[in-house]
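Survey of secondary and tertiary structure
Chain residues, written in single-letter form:
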Amino acid sequence: MRKRISSREVEIAARTLLAERGVKVTDIAEIVYEMQAPFSPNLTMEECIESVEAVLMKREIQHALLVGIELDKFAEERKLSEPLQSIIETDEGLFGVDETIALGAVFGYGSIAVTTFGYLDKYKTGIIRSLDTKTTNRVHTFLDDLVGSIAANASSRLAHRLRDKEERLSLEEIRKHDQEEKIG
């Protein structure tokens, strides 16, 4: 029987893959800021970074990153069978598995995350645009959507936190919400 992989090991692997692919937490936080600043004039980048960090602690996000980035890397190394190799390598327009994985990782943060993901998938803001633009030999068919998923989740999480603060929920109640969101 194989040993169980610790949650911390999975989180480190997911974060390492993001970094290896050139994606920083601050890159994602900038998208979150762009999405939420119109609704919260006192929003800070620190709040956006904290929200991205919290989303990256979710197992579903980590698992999606591991799978998606691995497929992108295999496509770069031309290790996939045809026609899948060509479909992923060219980010075929009718191939929706990349969006399906990213969308599946969005459902934990509710309808705000789902609609924000749709917006980000269509308009490709911030680092999502550079990941989607095929100017290098790198394949980011999955990664651009996964970054959109993380940003959408962090935006939704932040919107709910801001409402909690407006409603003057206690720090204990807000922490409880944070703990509940780590499940999944």
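This text goes with the structure placed above it.
One structure accompanies this document, and this report is about it.

Analysis parameters
- Per-chain numbering applies: the sequence of each chain, read as written, is numbered from 1 onward.
- In keeping with the predicted nature of the model, local features appear solely for residues at pLDDT of at least 70, side-chain atom pairs appear and are counted solely at 80 or more, and the whole-chain, interface and lining totals rest on all residues.
- The side-chain numbers reported here are obtained from all heavy atoms of the structure, hydrogens and water having been left aside.
- In DSSP terms, a helix is any run of H or I states spanning at least four residues, a strand is any run of E spanning at least two, and both are numbered starting from the N terminus.
- Every radius of gyration here is taken over C-alpha atoms, with the globule rule written as 2.2 Å times N^0.38, N being the number of residues.
- Only heavy atoms matter for contacts: two residues are in contact if any of them lie within 4.5 Å across the pair.
- Reported accessibility uses the Shrake-Rupley method at a 1.4 Å probe radius. Residues are deemed covered only where the shown protein chains occlude them.
- For the purpose of counting charges, residues Lys and Arg are taken to be positive, whereas Asp and Glu are taken to be negative. His and the chain ends are not included.
- Positions of charges follow a simple convention, taking NZ of Lys, CZ of Arg, CG of Asp or CD of Glu.
- Each pair of aromatic rings taken from Phe, Tyr and Trp, with Trp reduced to its six-membered ring, is defined by centres within 6.5 Å and is described as stacked if the planes are under 30 degrees apart, edge-to-face if over 60, and tilted in the remaining cases.
- Each residue is assigned to one of three classes by its accessible area relative to the maximum for its type, calculated with a 1.4 Å probe on protein chains only: buried under 20%, partly exposed between the two thresholds, exposed over 50%.
- In this description, a line fitted to the C-alpha atoms serves as the axis of each element, helices being fitted only across the stretch in contact, and the angle between N-to-C directions of two axes falls anywhere from 0 to 180 degrees.
- What makes a crossing left-handed is the near helix being turned counterclockwise from the far one by less than a right angle; a clockwise turn instead makes it right-handed.
- Note on residue classes: Ala, Val, Leu, Ile, Met, Phe, Trp, Tyr, Cys and Pro are nonpolar, Asp, Glu, Lys and Arg are charged, and everything else, Gly too, is polar.
- In what follows, salt bridge is the name for a side-chain nitrogen of Lys or Arg lying within 4 Å of a carboxyl oxygen of Asp or Glu.

As a further point, take the overall build of the chain. Broken down by element type, the chain carries ten helices and zero strands. Of the regular secondary structure in the chain, the N- to C-terminal order runs α-α-α-α-α-α-α-α-α-α. Here the C-alpha radius of gyration of the chain, 17 Å, is about what a compact globule of 184 residues would show, namely 16 Å. Referenced to the eigenvectors of the C-alpha coordinate spread, the extents of the chain come out at roughly 55 × 45 × 25 Å. The long-range fraction of contacts in the chain, counting pairs at least 24 apart against all pairs at least 6 apart in sequence, stands at 71%. Per element, the accessible surface of the chain, about 10300 Å² overall, is 55% carbon and sulfur. The distance from the centre of the 25 positive side-chain charges to the centre of the 33 negative ones in the chain is 4 Å.

This model, assessed by the stated rule, comprises two aromatic pairs. Summarising the aromatic geometry, the rings of Phe 95 and Phe 142 are spaced 6.1 Å apart at their centres and angled 85° between planes, so their arrangement reads as edge-to-face. Residue Phe 95 is located in the loop between helix H5 (84–89) and helix H6 (97–104), and its partner Phe 142 is located in the loop between helix H8 (127–132) and helix H9 (143–166); the two are separated by 47 residues in the primary sequence. When the ring of Tyr 119 is compared with that of Tyr 123, the centres are 4.7 Å apart and the planes differ by 40°; the resulting orientation is tilted. With Tyr 119 and Tyr 123 both in helix H7 (residues 110–123), this residue pair falls four residues apart, about one helical turn. Looking at Tyr 119, the relative accessible area reads 37%, which means it is partly exposed.

On to the packing of helix H2 (residues 25–36) against helix H3 (residues 45–55). Running from N to C, H2 and H3 cross one another at 115°; their axes reach a closest spacing of 8 Å. Classified by chirality, the crossing of H3 by H2 is right-handed. Here H2 contributes Val 25, Thr 26, Ile 28, Ala 29, Glu 30, Val 32 and Tyr 33 to the contact with H3, which in turn contributes Met 45, Cys 48, Ile 49, Val 52 and Glu 53. Residues that form the contact of H2 with H3 fall into these classes: nine nonpolar, one polar and two charged.

Now for the pattern of salt bridges. Overall, the coordinates contain eleven salt bridges when judged by the stated rule. For Arg 15, the salt bridge goes to Glu 11, with nearest N and O atoms at 3.0 Å. Here Glu 11 and Arg 15 lie together in helix H1 (residues 7–20), a separation of four residues that amounts to about one turn. Exposure remark for Arg 15: the relative accessible area of 24% places this residue in the partly exposed category. One salt-bridge network, held together by shared partners, links Arg 8, Glu 11, Arg 15 and Glu 53.

Bringing the environment of Val 67 into the picture now. Position of Val 67 among the secondary structure elements: in helix H4 (residues 59–76). On the basis of relative accessible area, Val 67 is assigned to the partly exposed category, the value being 43%. For the pair Val 67 and Ile 101, spaced 34 residues apart in sequence, the C-alpha separation works out to 8.9 Å.

On their own, these measurements won't tell you what the molecule is for.
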